[in-house]
Amino acid sequence: MKVSKLIMLALLMVVIVGSGTSSISAKGSDDPAIKGSLVIAGGSLGTSNVEVYEEFIDLAGGDKNAKIGIVPAASGSLKSTEKFKEDLISYGVEESSIEILELSSHDFSGTDENERKWKSNAQKNKMVNKIKDLNGIWFVGGDQLKITDTLLKKNGKKTKALEAIWDIYEDGAVLGGTSAGAAIMSDVMITGGDSLGGFNQEFTSEDVSYADEEYAPVYIEEGLGFFQWGIVDQHFNERSRLGRLAATALEYETQGNYAYGIDEDTAMVVHNKENTIDIIGKSTVAVIDSSEAETKGKEIDNLDLSFLSPGDQIDPDNKTFNISEDKVSTIGYEYFNFDPLPATGVLTSYGTLPNYLSYSLVDNEAANEVKSYLYDSEGEGFQLNFEQKEETDGFWGYQDGQKDSYSLAHVKMDIEPIQINFEENNQAFTNYNTSTFSSPDISFNPETKGSLVMAGGALGSSNEEVYDAFIKKAGDDATIGIIPAASSSLKSSNIFKEDLIHYGVDEESIDILPLSNHDFSGTEEDESEWLKNRNDQQLAEKIKEYDGIWFVGGDQTDITATLLNEDGTQSKVLESLWSIYEKGAVLGGTSAGAAIMSDVMIAGGGSHDTLAKGFTDTYDGMSQQEGGASYLEQGLGFFPHGIIDQHFDNKARLGRLIATTSAHADEEEFSYGIDEDTALIFDNQTGTLEVAGRAGVSVVDLSQAENSENVPSLYEDIQLSWVTSGDTLDLNTKTFTISDHKDSTKDYEYFDYEAAPHSGVLTPHPTLANFLSYSLLDNYREDEVKSYSLHEGKGFELTFSKEENTEGFWGYQDGNKDDYSFLNVNMDIQPVEVDIAKQK
C-alpha cells in the first residue's frame, strides 16, 4: 500500500503546477461576453457516467428546468440521438423538455424520411426560435464534417441556426458533445489522420480514405470555435492520437494556448465566466504545450506533456493546473522502484501512454527516462523519448474504491526518426531457465458445491455486476468474512466491507478476519501475531459459519504463507475454508486474492522477461511483480481447471501466462488471464465459467501448440480467445457461449484498412484485446497482424492470425461503447534480433 502517500492526503489541499510562457494558442481569442459553459466529452460516453450527465444537466438549469436540444447531424442514424435522449430522461430530465433538432446534411439509415432536407432548416426562423428557447445543446458523435456542413454555409459563414446557438451560448447556455461533437468545439478541427501521419508531419486538405496505407496524414478543417483556449482532440488514449495533436499544435501556431486530448468516457467542463476547465469522468485529458518545442526535419524536441485526471482543474489563462486535493505528489515519495522495459507492443506493462508514464516513469524511483516506438510494417517510424525534467511532477490517489488515479505534469517528450529491422534468430535467448517448481498434488472433491468469484484487480466500488454476483452467490442473509492477509494495511479490507454494506449486506454480517503473516501499517496492533491464528481452533470453527469469504489484494505469497503451514500442509483455518467451499460457500478475491485460486500460483515476473529468461526460484517481494523471470509458488487450488493470472490487460501478462501454462498446465486445460475491474465466476455444480465486469478474460489454449525444448521461447499455434461480460465457457464440453447482445463479425467486418504493427504506446487501441478486435477480427483487410517486444537488441515477433475457427463478436454496452469478444485467434512467438538505426 502507498502508506506515505495516504498520510500526505490529509496534508494536501490544492497543488498548483505552473509552466513557462508560451507563444502558441488556438485560433480563437478570449471572449468576455461568453457566459455559457461547455461539456466536451472524448467519445464512448457511458450511460453509467453519472458525473458527466449530471454536470451537463446541472449547467442546463437542473433536471426540472433544463430545456435541451440534441443535434443528430454527425451520426449515420438517429440511434445515438435517441439513446442520449433516453439517458437524459433516466437522469431526471422531463421528456417534454428534450427536443431532437432536425438539423442534418445527409439522410439517416433506418428511417422513412429523407433527412437530407433538414439541411435547409439551418436557415429557417422556426429552427432559430426553437434554439433560442433552449438552455442546453448536445452534439452526438459520428463525423464532425457533417456537423460543420450542416451549420456553416458554403462560404464558411454561420447559418441562422449556428448564430442562434452562439447567442444562447453567450447568454449562459451549456453546449456539449461527444466524439465528433467534441472535435467541432475548437477553431482548428482535426478531422482525420493518426499519430504516425502526424510525426511524419504530413497534412492534407482533402477528405479521402487512406485505407491502403498504414498511416494517414492529418486532415484539418474549420471548426465552430466554441472553445476559446486551444485545439481539442478526442478518443485520445484509445486511438493513440498524441502524434496528430502534437503535429497540429506545432503546425497551427496561434496565441499561446495548450492543445487538449480528451480520452473516452471523460469530459472537460469549460466555465467561460470563471476561466476554468474541470476534468470529470473515468479517464484522463492530455495537455500538450508546444510553445518551447523545436523541429528539425522530422525530429521534434521538447514537447511538454501532461495528463490530468478527474478532479483536476486547468486555469487556461495562466497556464496552471490545480490538482485535486485527493491526490498527493509522488516526487520524493515514489512507490515503485524497478527498471522499466521500453514500451514496444502488447507485452509491455501499463501499455497505454498515461499509465506507462505514471507507473514506469513518474512514480518510479529507478527511472528518469523511458522510451517507446511507433513504426510501420517496413520498420520506418520514430523513437519516442520521455524524460523527467526539473518541473515534472506526479500525483497519485484512489478513485472508485481502490483504483489508482494519476495526474502527471510537464514530462518532456522528444521524437526522432528511426529505421528498425527484425531478423529471426532461434538462438537469441540461450540463457532460458526452465521451471523447477513442482506442482502440488491437491485433491479436489468433485462433489464440491461452492462457487468462485475471481476478480483481476482494481475492482471499482461502482462495479455493481461483480459485487452483485458475489453477494448473490453468498445467498440471502449471508455472513461474509474478509481475509486481509495480502495487504499491507487494513484499508482495502475496510473499503470492501463498506462496499458490501453499500450493496445491501448487513454490517453485522461482515467480519474482517485476524489472519496475516505480517504487521499492518496504520494500526497500533502487531498483526504479525495473527499468524498463529491459522491453527486457532476457535477461529477455524467460526469460519465454518460463513457463506462467503473474500481475499483482498496485495502480495499473494502473504496469503499462502498465512494459510499454509510451513511444511505446505493445510492449516486448520484453510481446512475450514475448504469445508464451507465444498458445502456451497462462495470464495472470492481480487488481484492477489485471485492468483491464489489455482494450484500453480504465479507470484512474480513479466511477460518479456519470462519469455526471454524463463523462471526463477527466488522472490524479493512486490517489485518482482513488475518484471523479471517468473516466480511460481503453491496456490490454494480452489480452481482445479487451469492456471489463473490477474491484472492481465494493464500489466500485459500474456507472455508469462503462456510460459507457465507450457511448463505446468495439464495438456487439455485452458489458462485464464483476468483483466482489471473484471471477474471470472466459476460454478462447480454446473462446471461453467462466466465473465462479469468492465473488461474481459483472455483464455489461453496450448493443446495444439508446438514449443521446442531446444528453443523454449519459440511457439506456434497458440489459440487465444477473449470473452467479456455475459459470455460463458462450459468446461465439460469446452464450449463458449457468447452473450446474445453481440453479433458475429465474421464476413461482416466493419473496418477495412491496412493495420500497422503494434509497436508501443501510440499504437491505436493499445491493449491486447482491443488491438486484436479492431485491427484483426473486425477488419476485413487483415488476416494477420503483428506486435513486437524488444530490449537490448533482441526480442520477439508476435503474429496473430485468423484461422478457419477464428470468430469475432461485437455489440454495444453501457450506451454506445463497443463490446468485443473473439475466439481462437492463432498466435505464434518468434525470437528475433533487432537493429535500430537513427535517421535524419
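Before any of the text, the structure's been laid out above.
Residues numbered from 1 in each chain as written. Predicted model: local features only at pLDDT ≥ 70, side-chain atom pairs only at ≥ 80, totals over all residues. Heavy atoms only, no water.

Here we look at the overall build of the chain
A count of helical and extended segments in the chain gives 19 helices and 44 strands. For 840 residues, the compact-globule formula gives about 28 Å, and the C-alpha radius of gyration of the chain, at 27 Å, lands near that figure. Once the C-alpha set of the chain is aligned to its principal axes, its extents read approximately 80 × 60 × 55 Å. Counting only residues that meet the buried cut, the chain has 62% of its 840 residues in that class. Counting only contacts in the chain whose residues sit at least 6 apart along the sequence, the fraction spanning at least 24 positions is 76%. For the chain, the computed accessible surface area is about 31,800 Å², with 42% contributed by carbon and sulfur atoms. Taking the average place of the 61 positive charges on the side chains of the chain and the average place of its 147 negative ones, the gap between the two points comes to 7 Å. (Helix = DSSP H or I, 4+ residues; strand = E, 2+ residues; numbered from the N terminus. Rg over C-alpha atoms; globule rule 2.2 N^0.38 Å. Buried < 20%, exposed > 50% of the residue type's maximum accessible area, 1.4 Å probe, protein only. Contact = heavy atoms within 4.5 Å. Areas by Shrake-Rupley, 256 points an atom, 1.4 Å probe, with all protein chains shown as cover. Lys, Arg positive; Asp, Glu negative; His and termini not counted. Charge placed at Lys NZ, Arg CZ, Asp CG, Glu CD.)

A look at helix α11 (residues 464-474)
If you check which residues of α11 are buried, you get V466, Y467, A469, F470, I471 and A474. Downstream of α11 by a residue or two, G475 has a phi angle that is positive, lying close to 95°.

Observations regarding unusual backbone geometry
Keep in mind that most residues, glycine aside, have a negative phi and that most peptide bonds are trans. Backbone geometry at A652 places phi at a positive 50°, although glycine is not the residue there. Note on placement: A652 falls in the loop between β31 (644-646) and α18 (654-664).

Looking at the nonpolar core
If you look at the biggest cluster of nonpolar residues, it comprises 55 residues, and the most contacted ones within it are I40, F139, F226, F227, Y260 and M268. Looking at this core element by element, the count peaks at 7 residues for helix α6 (residues 160-171). In this view, I40 contacts G177, A182, M185, F227, V232, I262, T266, A267, M268 and V270; residues no more than four positions away in its chain are not counted. Membership of the second largest hydrophobic core comes to 51 residues, among which are L539, A603, F809 and L823. (Core = buried A, V, L, I, M, F, W, Y, C linked by side-chain atoms within 4.5 Å.)

Notes on the sheet that holds strand β34 (residues 688-693)
Ordered in space as β25-β24-β26-β27-β23-β33-β34-β38-β39, the 9 strands form an open sheet in which the pairing is mixed. Only two strands of the sheet have a single neighbouring strand rather than two, namely β25 (510-512) and β39 (735-737). Each neighbouring strand pair of the sheet contributes to a mean axis angle of 15°, computed without reference to strand direction. Here 3 bridges tie β34 to strand β38 (residues 728-730), and the two strands are oriented antiparallel to one another. Residue L689 lies in a different strand from β38, and its bridge partner there is L729. Taken strand by strand, helix α15 (residues 572-583) contacts β23 (451-455), β24 (480-483), β26 (548-551), β27 (586-590) and β33 (678-683), and its axis lies near 125° from that of β26. (Pairing = 2+ DSSP bridges. Axes fitted to C-alpha atoms, helices over the stretch in contact; angles between N-to-C directions.)

Thoughts on the pairing of strand β30 (residues 630-634)
When strand β28 (residues 600-604) meets β30, the two strands line up antiparallel, connected through 4 bridges. In the strand pairing of β30, I602 is matched with L632. Relative to β30, strand β29 (residues 615-616) runs parallel, the two being bridged by 2 bridges. Paired with T616 across the strands is Y631, a residue of β30.

Points about the pattern of salt bridges
For the structure on display, the rule yields 31 salt bridges. Among the ionic pairs, K403 bridges to D677, the shortest N-O distance being 2.5 Å. One end of the pair, K403, is in strand β22 (residues 403-424); the other, D677, is in the loop between β32 (671-674) and β33, and 274 residues separate them in sequence. Accessibility classification places K403 together with D677 in one group, the buried group. What you see here is one network of salt bridges that share partners, running through D265, K282, D814 and K817. (Salt bridge = Lys/Arg side-chain N within 4 Å of Asp/Glu carboxyl O.)

Observations concerning the layout of surface pockets
Taken as a whole, the second largest pocket holds about 560 Å³ of empty space. Around the second largest pocket sit 30 residues that line it, and L341, H608, D609, K613 and G628 are the ones nearest its centre. When contributions to the lining of the second largest pocket are tallied by element, the ones reaching two or more residues are α10 (353-362) and α17 (607-613). Sorting elements by how many residues they give to the lining of the second largest pocket places α17 first, with 5 residues. Split by residue class, the lining of the second largest pocket holds 9 nonpolar, 14 polar and 7 charged. (1 Å grid on protein atoms, 1.4 Å probe; cavity = no way out; pocket = protein on both sides within 12 Å on 5 of 7 lines; lining within 4 Å. Points joined across faces, edges and corners; volume = space filled by probe spheres on them. Nonpolar A, V, L, I, M, F, W, Y, C, P; charged D, E, K, R; others polar.)

Some details on the packing of aromatic side chains
Counted according to the given criterion, the structure contains 47 aromatic pairs. A centroid spacing of 4.5 Å and a plane angle of 10° characterise the contact between F496 and W550, whose relative ring orientation is stacked. In this pair, F496 is assigned in helix α12 (residues 491-502) and W550 in strand β26, connecting sequence segments 54 residues apart. Summarising the burial analysis for this pair, F496 and W550 share the class buried. An aromatic cluster is defined as three or more aromatic residues linked by ring pairs; in this entry it consists of Y335, F336, F338, Y350, Y359 and Y406. Directly above the ring of F670 sits K734, whose terminal nitrogen or CZ lies 4.7 Å from the centroid. (Phe/Tyr/Trp six-rings, centres within 6.5 Å; stacked < 30°, edge-to-face > 60°. Lys NZ or Arg CZ within 6 Å of the ring centre and 35° of its normal.)

What about the sheet that holds β28?
Across the sheet, which stays open at both edges, the 3 strands sit in the order β28-β30-β29 with mixed pairing between neighbours. The sheet is open, and its two borders are formed by β28 and β29, each paired with just one other strand. Relative to the sheet, helix α14 (residues 556-563) contacts β28 and β30, its axis offset from that of β28 by approximately 130°. Contacts between α18 and the sheet are confined to β28, β29 and β30, with β28 contributing the most and set at about 145° to the helix.

Considerations on the packing of helix α4 (residues 125-132) against α6
Orientation of α4 relative to α6, taken along the N-to-C sense of each, is 15°, at an axis distance of 9 Å. With respect to α6, the element α4 is oriented roughly parallel. As for how α4 packs across α6, the hand of that crossing is right-handed. Contacts from N125, M127, V128, I131 and K132 of α4 reach α6 at K160, A161, A164, I165, D167 and I168. Grouping the constituent residues of the contact of α4 with α6 by class yields 7 nonpolar, 1 polar and 3 charged. (Parallel < 35°, antiparallel > 145°, perpendicular 65-115°, else oblique. Left-handed = near helix turned anticlockwise from the far one by under 90°.)

A few points about the side chain of S179
Residue placement: S179 occurs in the loop between β6 (174-178) and α7 (180-183). Assessed through its relative accessible area of 11%, S179 is described here as buried. Within the structure, the side chain of S179 is placed 2.7 Å from the side chain of H235, a separation counted as a polar contact. Beyond its immediate chain neighbours, meaning those up to four positions away, S179 contacts A41, G42, G43, G141, G142, Q234 and H235. (Polar contact = N/O pair within 3.5 Å; in protein donor to acceptor, adjacent residues only side chain to side chain.)

Purely geometric stuff here, so don't read any function into it on its own.
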